[in-house]
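Below are the chains, spelled out letter by letter.
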Amino acid sequence: MRRFRTALSTALGLGMAAAALAATPASVTAAPAPEAPKAPKGAVTAAYTGGSATERADSKAFFDMLMKKAEKKQAAKPGIQAVTVTYNDSGAPSFQSEIAQSTQIWNSSVDNVTLAETSGSADFDYYEGNDSRGSYAYTDGHGHGYIFLDYAQNQQYYSLRVVAHETGHVLGLPDHYSGPCSELMSGGGPGTSCTNAYPNWEESARVDQLWANGLSSALKPEFRVVR
């Protein structure tokens, strides 16, 4: 039975969270400004706010491929295999509050995969710094890689939504820029006023479908940069 988000909404105090997170923490502007890790040559990119038609098409094809492979594996070996995916946020100290809340949001929204923090080696990592292209996830779409959080973009857009959106890519979700604010994976499409940081029921169901048969070990890693 799907877990409802009502308890989490109460615990987080969304009204207070929106006010507290409307601006990037002061420590962000004062922190050193490391450069973004260099994406591998030939990696697919898609900006949080859109990107070129070719980039959007490549990104869509990548996530469609993930879904087809997951469906094929599920048909061959049906049955739920809950998976825990670990992350390390030591590389993004200015965003640890948003990362923790994003983790709570995702863990309350899906059943077949759980995010868990670790201080050691992890399935994926968070980093922060400056990148003129904005925040992005470098991921295989099934729990591995890293998320880079750009300072300027997290000042312009609602930071918790940016973090949750990029985490959605690591869990296997594609962008849908034309969607409304109620869709987490519409990213920056609805504009800077959008503060929804929750996946809708369709996005949650897609993640559960992807992870219904243990996606973490289901597919050969194939990494992409998605924004």
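The shown structure was predicted, so the numbers you read here are calculated from the model rather than taken from an experiment.

(A) Here's a closer look at the overall build of the chain. A tally of regular secondary structure across the chain gives 8 helices and 6 strands. Counting from the amino terminus, helix and strand elements in the chain follow one another as α-α-α-α-β-α-β-β-β-β-α-α-α-β. Looking at the chain as a whole, 50% of its 227 residues are labelled buried. Pairs at least 24 residues apart make up 73% of the contacts formed inside the chain by residues separated by at least 6 positions.

(B) A look at the confidence of the model for the chain. On average, the chain scores 77 in pLDDT, and the residues at 70 or more come to 65%. Across the chain, the element-wise mean pLDDT spans from 35 in helix α2 (residues 14–20) up to 98 in helix α5 (residues 96–109). Note on residues 1–32: pLDDT under 50 across the span, and 49 contacts to partners over four residues away in sequence or across chains. Below a pLDDT of 50 lies the segment residues 40–44, which in the model reaches 8 contacts outside its immediate sequence neighbourhood of four places, other chains included.

(C) Expanded view of the environment of Tyr 198. Along the polypeptide, Tyr 198 turns up in the loop between α7 (159–170) and α8 (201–210). Its relative accessible area of 8% is what places Tyr 198 among the buried residues. For the pair formed by Tyr 198 and Ser 109, sequence separation is 89 residues and the distance between their alpha carbons is 8.1 Å.

(D) Spotlight on the packing of aromatic side chains. Throughout the structure, instances matching the rule amount to 8 aromatic pairs. When the centroid spacing of 5.7 Å and the interplanar angle of 75 degrees are considered together, the rings of Tyr 127 and Tyr 146 count as edge-to-face. Here Tyr 127, found in strand β3 (residues 124–129), pairs with Tyr 146, found in strand β5 (residues 145–150); they are 19 residues apart in sequence, far enough to count as distant. What makes Tyr 127 partly exposed here is its relative accessible area of 33%.

(E) Inspection of the nonpolar core at higher detail. Of all hydrophobic cores here, the largest spans 29 residues; its most connected members are Ile 99, Trp 106, Phe 124, Tyr 126, Leu 149, Val 207 and Trp 211. Looking at this core, the elements that each hand over two or more residues are β1 (83–91), α5, β2 (113–117), β3, β5, α7 and α8. Grouped together as the second largest cluster of nonpolar side chains are 5 residues, Ile 105, Tyr 158, Ala 197 and Tyr 198 included.

(F) How the structure looks around the state of the cysteines. Across all of its chains, the model carries 1 disulfide by this definition. For Cys 181, the disulfide goes to Cys 194, at an S-S distance of 2.0 Å. Its S-S torsion of approximately 85 degrees makes the covalent link between Cys 181 and Cys 194 right-handed. Here Cys 181, found in the loop between α7 and α8, pairs with Cys 194, found in the loop between α7 and α8; they are 13 residues apart in sequence, far enough to count as distant. Judged by relative accessible area, Cys 194 falls into the buried class, the value being 5%.

(G) Up close: the pairing of β3. Summarising the sheet, β1 and β3 pair through 3 bridges and their orientation is parallel. The residue of β3 that forms the bridge with Gly 91 is Tyr 127. As defined by bridge partners, β3 adjoins β5 across 6 bridges and the pair is classed as parallel. Across the sheet, Tyr 127 pairs through a bridge with Phe 148, a residue of β5.

Calculation notes
Throughout, residues of each chain are indexed from 1 in the direction in which the sequence is written. Local features in this predicted model are restricted to residues of pLDDT 70 or higher, and side-chain atom pairs are both shown and tallied only at a pLDDT of 80 or more, whereas totals for entire chains, interfaces and linings draw on every residue. Working from all heavy atoms in the structure, the side-chain values ignore hydrogens and water. Numbered from the N terminus, helices here are DSSP runs of H or I no shorter than four residues, and strands are runs of E no shorter than two. When accessible area is computed with a 1.4 Å probe and restricted to protein chains, residues below 20% of their type maximum are described as buried, those above 50% as exposed, and intermediate ones as partly exposed. Any two residues whose heavy atoms approach within 4.5 Å at even a single point are treated as in contact. The quantity known as pLDDT measures the predictor's confidence residue by residue, on a range of 0 to 100. Pairing of aromatic rings covers Phe, Tyr and Trp, the last through its six-membered ring, and needs centres within 6.5 Å; plane angles under 30 degrees mean stacked, over 60 mean edge-to-face, and all others mean tilted. Only buried residues count toward a nonpolar core, which is a set of Ala, Val, Leu, Ile, Met, Phe, Trp, Tyr and Cys residues joined through side-chain atoms within 4.5 Å. A pair of sulfur atoms, both from cysteines and within 2.5 Å, is called a disulfide here. When DSSP finds two or more bridges between two strands, those strands count as paired.

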